[in-house]
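These are the residues of each chain, in order.
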Amino acid sequence: MTTHHDLVIEAEGLTKSFGTTKALQGVDLSVARGTVLGVLGPNGAGKTTAVRILATLLTADGGHARVAGHDVAHDAQRVRQSIGLTGQYASVDEDLTGRQNIVMIGRLLDLRAPAARQRAAELLEWFDLTDAADRPAKTYSGGMRRRLDLASSLVGRPEVIFLDEPTTGLDPSKREDMWNVIRSLVADGSTVLLTTQYLDEADALADEITVIDHGRVIAHDTPEGLKRIVGGQTLEVRPSDVTRLAETATILAAVSAAGAPEESRKGLLSVPVSDGDALSATVARLASAGIAVTEMSLHLPSLDEVFFTLTGRTSSDTTEEVA
Amino acid sequence: MTTNTAATNPAADLTADPAASPPSVGPLRQGDASGSGVVVAVPVAAAKPRPLPLLRHSLTLAKRSLIKTWRTPEALIDVTLQPVIFLVIFVYIFGGAVAGSTGDYLQFLLPGILAQTIAQGAIAIGVNLNTDLEKGIFDRFRSLPIPRSAPLIGAVLGDVVRYVLVTISTFAIGYAMGFRIQTNVASAVAGCLLAVLFALSLSWVSVFVGMKVRTSGAVQGIMFLLVMPLSFASNVFVPTGSLPGWMQGFVNVNPLTHLVASMRGLFLGEPIGNHVWWTLVWCVGLVAVFLPLAMRAYRRKV
Ligand SMILES: Nc1ncnc2c1ncn2[C@@H]1O[C@H](COP(=O)(O)OP(=O)(O)OP(=O)(O)O)[C@@H](O)[C@H]1O
Ligand SMILES: [Mg+2]
């Protein structure tokens, strides 16, 4: 366990209601310095509400939270000096150009004009927005807007970064880029709290994962621990030639710890696997047996499956209840 | 339990092989950045705090409003054309009947029209802020270590340019129609500044309504209902003495009456009495009451 003073974000018993909607019903979160916490939850779970409380945009009804050593309710201004927030919806001024947006933030963070301009140039360059820098942000694509938003939240070199669903709406390659950005933020010493609806994203980025649902924490663990509970990766293989299904099944049974594969859909074999070598082992064995495949994939349980395991309901049930 | 892979394995994937990918292709140049520490450093505030944060940050945010105004000049049509239309209509239609000659009426009316347009110009700020507030940028402002009131004060200050334009276009058409200042440039400028100051003070009423009311249409409606009686139950169009007695009570406390009388004094050399003082008292009063109310409403808006 990490010791207390290492926690950069610590929240205890946060509650928040909007009218009769109980958005948070006692949420505890903690993030150690230099690590990433993934907050995983379906629509309406309370992720955004929690982030907004920690980033001092909302005040909690109950509980307390400290960020970078300061109480979010009583010392909000100090907290704001240490954080960068990239909200779920881009917080950029659409009428201003990308550059004007970042320079403005720099000025508001007490940089002198030349320093603010230099910082803007740096960040625009880094986020590959230099060519679009002098166009109004309303002409940006969704992905560019998100990058500008993230760039705006990094102007002050914040110690703590909140990212609310940073990759929702990005195409797979942009999503990969965003993951790399987040990794490099952490490599440079930042502490990150990110929310997501995808277990694979939390698994790829987070050191620890807190799963919330209906404003309550329903699980908190390392990605490995969580996968142990909800089941690890599944390997799926579809041989091109259906007559070789049985042969394929034998190969899969050999690489899997769980024994015989099941035919989850017609002609598609799936088997739980425990380590990363399973895929290459399977490929090698299929190749030496001369079995061609039309489909082969390795994936983590979806949020639906995670929720089913943790709560006995699917996450779409929970959303319907909330909506 | 904390694995912290990233720290022990700094950016292994990022810098994987920078030479392999052409530098301009990768949309995000992680390689360069983590190498040079461009993006994030260890905990430091952005810069040393500098004096007068409220003033500096408000001015930065006023600049934001100015940029937006430059981008959408059509938003200035109301304030630039309205005084022109009003002057032409009122002077040529009512001039003869009210003042005996159009020339005399123009001298009388121009300060009034300037005051009326400037008061109506203050409606826009509440309407704009009402829609602006729904946009994400205000979340950004709330997460920055700046005084909470800075975005509102900045928006109000940014509107100065609107009021200066009203003044210029009113004087331009007025001069073309034959209006002449009877005093001196310094008094005339003082009169204009007083009008701008009043508009800035009245803006806080508009900002307050903008924070309180749900839709921008409602802000417009409410502010119009407030400003209409102020501009008509006043000395803008006719001398106070010609109004029914019961109405004179209101007219005599109406801030617009004091503003218009001050301007007539400063532009035309008419006896000015205590009108300038009363105008200033109104300005202080409006700001003292409505700025805190607007701030409170802003804080409560989630
Ligand atoms: N300003 C608000 N007024 C009323 N209800 C709100 C408000 N903000 C959030 N809620 C409600 O609180 C609950 C939690 O919302 P929240 O936005 O925190 O969820 P989320 O986990 O971020 O969901 P999503 O994945 O859809 O972004 C929802 O039921 C939502 O309807
Ligand atoms: Mg959300």
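A quick note: this is a predicted structure, and the numbers were derived from the prediction, not measured. (Residues numbered from 1 in each chain as written. Chains lettered and ligands numbered in written order. Predicted model: local features only at pLDDT ≥ 70, side-chain atom pairs only at ≥ 80, totals over all residues. Heavy atoms only, no water.)

*Asks:* Help me understand the overall build of chain A in this model?
*Replies:* For chain A, the count of helices and strands is 12 helices and 14 strands. Along the first, second and third principal axes, the C-alpha atoms of chain A reach 70 × 45 × 40 Å. Counting only residues that meet the buried cut, chain A has 54% of its 323 residues in that class. Here the contacts in chain A between residues at least 6 apart in sequence split such that 67% fall between residues at least 24 apart. Here chain A displays about 13200 Å² of accessible surface, and carbon together with sulfur accounts for 50% of that area. (Helix = DSSP H or I, 4+ residues; strand = E, 2+ residues; numbered from the N terminus. Buried < 20%, exposed > 50% of the residue type's maximum accessible area, 1.4 Å probe, protein only. Contact = heavy atoms within 4.5 Å. Areas by Shrake-Rupley, 256 points an atom, 1.4 Å probe, with all protein chains shown as cover.)

*Asks:* Could you clarify how one ought to interpret the UniProt feature "domain: ABC transmembrane type-2" (unreviewed entry) in chain B in this entry?
*Replies:* Within this numbering scheme, the UniProt entry marks residues 74-301 of chain B as carrying the feature "domain: ABC transmembrane type-2" (unreviewed entry). Secondary structure content for residues 74-301 of chain B is 79% helix and 0% strand, and the end C-alpha separation is 29 Å. (UniProt positions renumbered as here; feature names shortened; annotations may be inferred.)

*Asks:* Please explain the sheet that holds strand S5 (residues 70-71) of chain A as it appears in this structure.
*Replies:* Paired through backbone hydrogen bonds, the strands of a sheet run either parallel or antiparallel to each other. Residue and element names in this part refer to chain A. The sheet built from four strands is open, its strands ordered S2-S1-S4-S5 with antiparallel pairing. Among the strands making up the open sheet, the edge pair consists of strand S2 (21-32) and S5. Examined bridge by bridge, strand S1 (residues 7-18) and S2 share nine bridges and lie antiparallel to one another. Paired with Glu10 across the bridge in S2 is Ser30. Contacting S1, S2 and strand S4 (62-67), helix H1 (residues 47-54) crosses the sheet at an angle of about 120 degrees to S1. (Pairing = 2+ DSSP bridges. Axes fitted to C-alpha atoms, helices over the stretch in contact; angles between N-to-C directions.)

*Asks:* How should unusual backbone geometry be read in this particular structure?
*Replies:* All names here are of chain A. Phi is positive for Glu165, close to 50 degrees, though the residue is something other than glycine. Structurally, the position occupied by Glu165 is in the loop between strand S7 (160-164) and helix H6 (172-187). Residue Glu165 is classed as buried on the basis of its relative accessible area of 3%. In the Ramachandran plot, His214 falls in the positive-phi region, its phi being about 50 degrees despite a non-glycine side chain.

*Asks:* What's the story with helix H9 (residues 185-212) of chain B in this structure? I'm lost.
*Replies:* Residue pairs three or four apart in sequence face the same way in an α-helix, which turns once every 3.6 residues. All names here are of chain B. The terminal C-alpha atoms of H9 lie 41 Å apart, and with 28 residues this matches the ideal 40 Å at 1.5 Å per residue to within 8%. The buried count for H9 comes to 21 of 28 residues, which makes it a mostly enclosed element. The backbone nitrogen of Ala186 lies 3.3 Å from a side-chain oxygen of the residue at the head of H9, namely Asn184. (Expected span 1.5 Å × (residues − 1). Polar contact = N/O pair within 3.5 Å; in protein donor to acceptor, adjacent residues only side chain to side chain.)

*Asks:* Is there a simple way to explain the coordination of the magnesium ion (ligand 2) in this structure?
*Replies:* Coordination angles at a metal have ideal targets, namely 109.5 degrees for four tetrahedral donors and 90 or 180 degrees for six octahedral donors. Residues and elements named next belong to chain A. For the magnesium ion (ligand 2), the protein coordination sphere consists of Thr48 (OG1) and Gln88 (OE1), at 1.8 to 2.0 Å. Taken as a pair, Thr48 in helix H1 and Gln88 in the loop between strand S6 (83-86) and helix H3 (98-108) lie far apart in primary sequence, 40 residues in all. On the basis of relative accessible area, Thr48 is assigned to the partly exposed category, the value being 26%. (Donors = N, O, S within 2.8 Å, 3.2 Å for Na, K, Ca; no water.)

*Asks:* How should the layout of surface pockets be read in this particular structure?
*Replies:* Empty space among the atoms becomes visible once a probe the size of a water molecule is rolled across them. All names here are of chain B. Considered as a void within the structure, the largest pocket measures approximately 600 Å³ in volume. Around the largest pocket, the lining is made up of 28 residues, and of these Ala75, Ala124, Asn128, Asp159 and Arg162 lie nearest the centre. Of all the secondary-structure elements, those providing two or more residues to the lining of the largest pocket are helix H3 (53-71), helix H4 (77-99), helix H5 (102-132), helix H7 (150-158) and helix H10 (216-232). Tallying contributions element by element places H5 first for the lining of the largest pocket, with 10 residues. For the lining of the largest pocket, the class distribution of residues is eight nonpolar, 11 polar and nine charged. (1 Å grid on protein atoms, 1.4 Å probe; cavity = no way out; pocket = protein on both sides within 12 Å on 5 of 7 lines; lining within 4 Å. Points joined across faces, edges and corners; volume = space filled by probe spheres on them. Nonpolar A, V, L, I, M, F, W, Y, C, P; charged D, E, K, R; others polar.)

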